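Inside the fold
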Amino acid sequence: MPEPLHAKAGELSADEILDALREGRRVVIETEMLGGVHEVTLRIDGDVYYCDTPTTLHRHPDEEGMRTCIDRMGYGRRDE
């Protein structure tokens with residue numbers, strides 16, 4: 001299994017995160033939430049995308065759902 005890709009929230013673009021996921025890598029994002037700094041793990045298992053946060057496991061049925069989550073939660077860099 002490839003090494004996980006570690007980044008801080010906003011360091012990578014959504015495309016870079018999704019490319020790593022397609023390569024079979026997990027992406028671990030360090031982000032501020034719940035009054036502290038936590039890690040969120042993004043991954044694909046089969047056709048389902050997952051965001052494993054400190055409080056819940058989110059499932060997304062397709063890449064577009066994962067992209068929306070990455071953008072909405074601020075895990076990816078916001079290109080203007």
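Since the model is a prediction, treat every value here as computed from it, not as a measurement. The residue count restarts for each chain, going from 1 along the sequence in the order it is written. With the structure being a predicted model, the display of local features is reserved for residues of pLDDT at least 70 and the display and counting of side-chain atom pairs for 80 or more, all residues being used for whole-chain, interface and lining totals. Side-chain numbers here rest on the full set of heavy atoms in the structure, without hydrogens or water.

A few words on the overall build of the protein chain. Secondary structure is summarised from DSSP: a helix means a run of H or I of at least four residues, a strand means a run of E of at least two, and numbering begins at the N terminus for each. Broken down by element type, the protein chain carries 2 helices and 5 strands. Along the protein chain, from the amino end to the carboxyl end, the secondary structure elements read β-α-β-β-β-β-α. Rg of the C-alpha trace for the protein chain: 12 Å, near the compact-globule value of 12 Å for 80 residues, within the 12% margin. Projected onto its principal axes, the C-alpha positions of the protein chain cover 35 × 30 × 25 Å. A radius of gyration in this sense is built from C-alpha atoms; the matching globule rule multiplies 2.2 Å by the number of residues raised to 0.38.

To continue, consider the UniProt feature "domain: DUF8001" (unreviewed entry) in the protein chain. UniProt positions are given in the numbering used here, feature names are shortened, and annotations may be inferred rather than shown by experiment. Per the UniProt record, "domain: DUF8001" (unreviewed entry) is found at residues 1-77. Helix makes up 26% of residues 1-77 and strand 39%, and the two end C-alpha atoms of the span are 26 Å apart.

Throughout this description, the term salt bridge denotes a Lys or Arg side-chain nitrogen within 4 Å of a carboxyl oxygen of Asp or Glu. According to the stated counting rule, one finds 4 salt bridges in the structure shown. Here Arg67 and Asp15 are joined by a salt bridge, their closest N and O atoms 2.8 Å apart. Placement of the pair is Arg67 in helix H2 (residues 63-73) and Asp15 in helix H1 (residues 14-22), with a sequence separation of 52 residues. Each residue's exposure class comes from its accessible area (1.4 Å probe, protein chains only) as a fraction of the maximum for that residue type: buried when under 20%, exposed when over 50%, partly exposed otherwise. On the basis of relative accessible area, Arg67 is assigned to the partly exposed category, the value being 21%. You can call Asp15 partly exposed: its relative accessible area is 42%. Arg22 is the salt-bridge partner of Asp19, the closest N and O atoms lying 2.4 Å from each other. Taken together, the positions of Asp19 and Arg22, both in helix H1 and 3 residues apart, correspond to about one turn of that helix. On the basis of relative accessibility, which here comes to 37%, the residue Asp19 falls in the partly exposed class. A residue is classified by how much of its surface remains accessible, and Arg22, at 45% relative accessible area, is partly exposed.

Let us look at the environment of Ala14. Structurally, Ala14 can be placed in helix H1. Taking C-alpha positions, Ala14 is 16 Å from Pro4, a pair spaced 10 residues apart along the chain. It only takes one pair of heavy atoms within 4.5 Å for two residues to be counted as in contact. Setting aside residues no more than four positions away along its own chain, Ala14 makes contact with Arg67, Ile70, Asp71 and Gly76.

A word on the packing of aromatic side chains. For Phe, Tyr and Trp, rings pair up if their centres lie within 6.5 Å, where Trp contributes its six-membered ring, and each pair is then called stacked (planes under 30 degrees apart), edge-to-face (over 60) or tilted (otherwise). Taken as a whole, this structure holds 0 aromatic pairs when the rule is applied. Counted as over-ring charges are cases with an Arg CZ or a Lys NZ within 6 Å of the ring centre that also lie within 35 degrees of the ring normal. A cation over an aromatic ring shows up here: Arg43 above the ring of Tyr50, its NZ or CZ 4.3 Å from the ring centre.

With that settled, the discussion passes to the side chain of His60. For His60, the location among the structural elements is in strand S5 (residues 57-60). Each residue touching His60, except ones within four places of it in the same chain, is listed here: Asp47, Val48, Tyr49, Cys51, Gly65, Met66 and Cys69.

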